[in-house]
Amino acid sequence: MTQDILQQEEVLRRGGHERGHARQQKLSRLSVRDRLHRLLDDDGSFIELGVWAGYEMYSEWGEVPAAGVITVVGSISGRLCMVVANDATVKAGAFFPQTVKKVLRAQRIAFQCRLPLVYLVDSAGVFLPMQDEIFPDEDDFGRIFRNNAVLSGAGIPQYAAIMGHCVAGGAYLPVLCDKIVMTEGSALYLAGPALVKAAIGQDADEEELGGAQMHSEISGTVDFKEPNDEACLERLRSLVATLPGDSLPTRDSTDTSNEVNNIYNLMPATGPYDVRDLLRCIVDRDSIQEYKADYGQTLVNAYARIGGTAVGIVASQKLNARSPSGEIQIGGVLYPDSVEKTARFIMDCNQSLIPLVFFQDVQGFMVGRDAEQAGIIRSGAKLVNVISNSVVPKITVIIGGSFGAGNYALCGKAFDPCFIFAWPNARYAVMGPDQAAETVLTVREKIAERRGEPYSTEEMESLREEIRSQYSNQSDIRYAAARGWVDGILAPHRTREFLILAMQTLQRQTPPNSFQVGVLQV
């Protein structure tokens, strides 16, 4: 499974069809990944977000690899930055709904972490056949430009390089940035020659309307005019170098207790495993201090360090345990004692300003008479409350299942993790395929019986398989990644590497407000 997904990712990273790449070459422009290679420092350490965005979502219009835009957190001239780069080989860099969502996510992370933003603009603008899903709403295309202004007001540097087309409403993005670089042969205008002719009857060519020379000499819109991509990218590196430097921890400041590649031996395809062994492959050697280790054992809470940075860890435990009364507690299920323990741990991390890392492999909350009488709803609400009001940075890694309210309680996407990653084997849905099939089938069976049209055995089995197949497809992590529910799919052995870089990114966050929670049910 892991190898299959990694191979598919490589295909997505190639971008559009060969004719798109040929067009870039004909125009003497670099591909988007060549641009990134020249812009980023050559230490190879960066986080790419949303590789799977738009995957299999726009089949009527053809494939849209990575939603036609690349977003990465990486180092430029020694400064961590967020880079947003259009891929002109994919539908001429046009914006689809998931393109917008991906750019907004990048801006949000940059705002939270106070990362300078660099935009490499090469886009035909909104994909017009889908304009009703891209243009009008509060979280659509216009929100990008609103965010440009808010980021600027917050003092977060923004740089724009126009390296191809930048047209219509999209033209506002670079002009709302602090500095604008533009290459010769590029175009920046609200309306192209054909639209100008249709609207006001005026004949004008692209250079007159929005060429690099015009904007650098006449309109004064552009700060730096460069002859080609290479010079443009070098200019960007020089501009970013003027920013105050980052003080970053060493990537490999300490080793792990277990080799990172041991993860594959520790994680069975099915069945129980001890998450503590897994954590020792990820955190710094001998840094784990487990909190209330003998209580509420279906969740592991621990203080540790990752790349020298102190963190609080909340991890699903897949080993079965026993409650104080001697009852079996199923690994991966949330019980009142483990949930109460974790709520208290998260409050403590907020009090001490310790970032939180969640490792999800959760089936959900325990159900039934005993759980309800023990106050499982009240306990769950308490955990949701403290996560919602947390002021420290949060990162979530889905290493197995992420089902139902368990997703919420362990900091799913709705609870604003700064980053959320998943392993290739991860599953993400309101419930598993088998449970969903039986639940939905029971409801439909009762409706059919009330109508006096009960299903035959063959119809029941066919319907069961149809529901199971639907949920199985929708819980595949690629389905979630395509829709932006996770930022990326990680090879398990790279988890530590990505978390170290993520921690370096989080160092730039503004000191949080004081930690306050609302009413806690007792």
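Here, every reference points to the structure presented above.
This report concerns the structure included in the present document. (Residues numbered from 1 in each chain as written. Predicted model: local features only at pLDDT ≥ 70, side-chain atom pairs only at ≥ 80, totals over all residues. Heavy atoms only, no water.)

### Digging into helix α4 (residues 97–113)
- When the terminal C-alpha atoms of α4 are compared, their 25 Å separation across 17 residues agrees well with the 24 Å that a helix rising 1.5 Å per residue should span.
- Of all the 17 residues making up α4, 13 are buried; the element is thus mostly covered by neighbouring parts of the structure.
- Phi turns positive one or two residues past the end of α4, at R114, with a value near 55°. (Helix = DSSP H or I, 4+ residues; strand = E, 2+ residues; numbered from the N terminus. Expected span 1.5 Å × (residues − 1). Buried < 20%, exposed > 50% of the residue type's maximum accessible area, 1.4 Å probe, protein only.)

### A short note on helix α14 (residues 336–351)
- Between its terminal C-alpha atoms α14 stretches 23 Å, which fits the 22 Å expected from 16 residues at 1.5 Å a residue.
- Those residues of α14 that sit buried are P336, D337, S338, V339, K341, T342, A343, F345, I346, C349 and N350.
- L353 sits one or two residues past α14 and shows a positive phi near 55°.

### Remarks on the pattern of salt bridges
- If you walk through the whole model with that rule in mind, you get 23 salt bridges.
- Here R35 makes a salt bridge to D122, at a shortest N to O gap of 3.2 Å. You can see R35 sitting in helix α3 (residues 32–39) and its partner D122 sitting in strand β4 (residues 117–123), a full 87 residues away along the chain.
- Accessibility expressed as a relative area gives 2% for D122, which makes it buried.
- Between R235 and E226 there is a salt bridge, with the nearest N and O atoms lying 2.7 Å from each other.
- Among the ionic contacts, a cluster of salt bridges with common partners joins E9, E10, R13, R33 and E48. (Salt bridge = Lys/Arg side-chain N within 4 Å of Asp/Glu carboxyl O.)

### Notes on the pairing of strand β10 (residues 299–306)
- Burial analysis of β10 places six of its eight residues in the buried class, which makes it a mostly covered element.
- Both strand β9 (residues 289–291) and β10 contribute to a ladder of three bridges, which runs antiparallel. Across the sheet, Y291 pairs through a bridge with N301, a residue of β10.
- With eight bridges connecting them, β10 and strand β11 (residues 309–316) associate as antiparallel partners. Bridge assignment links Y303 to a residue of β11, and that residue is G312. (Pairing = 2+ DSSP bridges.)

### Here we look at the side chain of E9
- Counting through the fold element by element, E9 comes out in helix α1 (residues 2–13).
- The exposure class assigned to E9 is buried, which follows from its relative accessible area of 5%.
- What E9 contacts, discounting residues up to four positions off in sequence, is V51, W52 and I489. (Contact = heavy atoms within 4.5 Å.)

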